[in-house]
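Close look at the chain arrangement
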Amino acid sequence: MKQNQLAFADWLQECAEHVEHVLDELLPAAGTAPARLHDAMRYAVLGGGKRVRAALVYAAGHACPISGSTVAVDASLDRAAAAVELIHAYSLVHDDLPCMDDDTLRRGRPTTHVQFDEATAMLAGDAMQPLAFELLAEMPIAPALGLQATRVLARAAGSLGMAGGQAIDLGSVGRTLSREELQTMHSMKTGAMLACSVSLGGIVAGASSSVRQALDAYAQAVGLAFQVVDDVLDVTADSASLGKTPGKDAADNKPTYVSLLGLAEARRFAHELGEAAHRALEPLGEGGARLAQLADFIVLRDR
């Protein structure tokens, strides 16, 4: 999917529709045995979500001067975007289970374990993880870049990234965390996969080391901003606009930026992170325009 002159909202919608089609094609077809498992996977992945991670992959990839085959890069970006969405979807399925956050609403509809059952939901999440890495292995790019992409995604999803952040989150219920501790948790739990999305776009496009540094600095800022805004929305949004149960963090006595800083200060911090993201993109010039728009979207979103 190529960059174009669409208004940002239209471009973001085009990204979401495009990666939805890619995922629909790459997931096991409905009815393929074991049918219930594959139905649960498709239910968890398709039909909703902002697809911010996929958009970050595409925007980062197209922010870089591309050498070599554009067709190969576009096909690889599709698989990288689908891979991060699969990992994200698996994490939501597992997070919603009764043994974790015990939630019944996700993207405005019943969570996967409610729609199916707990065992099927667990297996669906388990199956989405290897599928994500299978897609990276299929990218038609230089093997060395494919290995880099695989390592980046594995680290972002593992104990030093998303899974580790979730473990810290579960262990922090009822505790008062310092700002540094909270930032570490969120940088792992949410920020790691967002940063990985940006990194994958740069890897696939063969970005130079200087461009990769700019992308990394941008990714760290937007990754944390996303979670800060999530904390704000958990307090201020209703279930219809949020698509999940609001107020869960406070009800579960979880530490958040709102509980630590207060609502006004949390909002201010999110805006500061947005400004840091813009500054990081300066070396990319006009190539970073979509990434800049995504930073604004993340900071200013209301759901």
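Residues numbered from 1 in each chain as written. Predicted model: local features only at pLDDT ≥ 70, side-chain atom pairs only at ≥ 80, totals over all residues. Heavy atoms only, no water.

What follows covers helix α7 (residues 143–157). The end-to-end C-alpha distance of α7, which contains 15 residues, comes to 21 Å, matching closely the 21 Å that a straight helix rising 1.5 Å per residue would cover. Those residues of α7 that fall on the buried side of the exposure criterion are Gly146, Ala149, Leu153, Ala156 and Ala157. Down the axis of α7, the smallest arc covering the buried residues is 100°, so these residues share one side. Among the exposed residues of α7, those oriented more than 90 degrees off its buried face are Pro143, Ala144, Leu147 and Arg151. Buried residues along α7 sit against α4 (70–95), α6 (118–137), α8 (162–171) and α9 (179–205). (Helix = DSSP H or I, 4+ residues; strand = E, 2+ residues; numbered from the N terminus. Expected span 1.5 Å × (residues − 1). Buried < 20%, exposed > 50% of the residue type's maximum accessible area, 1.4 Å probe, protein only. Arc of directions from axis to C-beta. Contact = heavy atoms within 4.5 Å.)

In this structure, Thr111 sits in the loop between β2 (109–110) and α5 (112–115). If near-sequence neighbours (up to four positions away) are discounted, Thr111 is found in contact with Tyr43, Asp96, Asp103, Thr104, Leu105 and Arg106.

A few words now on the environment of Glu20. Inspection of the secondary structure assignment puts Glu20 in helix α1 (residues 8–26). According to the relative accessible area criterion, Glu20 is partly exposed, its value standing at 23%. Between the C-alpha atom of Glu20 and that of Ala82, which follows or precedes it by 62 residues, the distance is 8.4 Å. Aside from chain neighbours lying at most four places away, what touches Glu20 is Leu46, Gly47, Gly48 and Arg51.

Here we come to the nonpolar core. Leu86, Met128, Leu153, Tyr218, Leu291 and Leu294 are the most contacted members of the largest nonpolar core, which totals 96 residues. When residues in this core are grouped by element, the largest group, 14 residues, is from helix α10 (residues 209–236). (Core = buried A, V, L, I, M, F, W, Y, C linked by side-chain atoms within 4.5 Å.)

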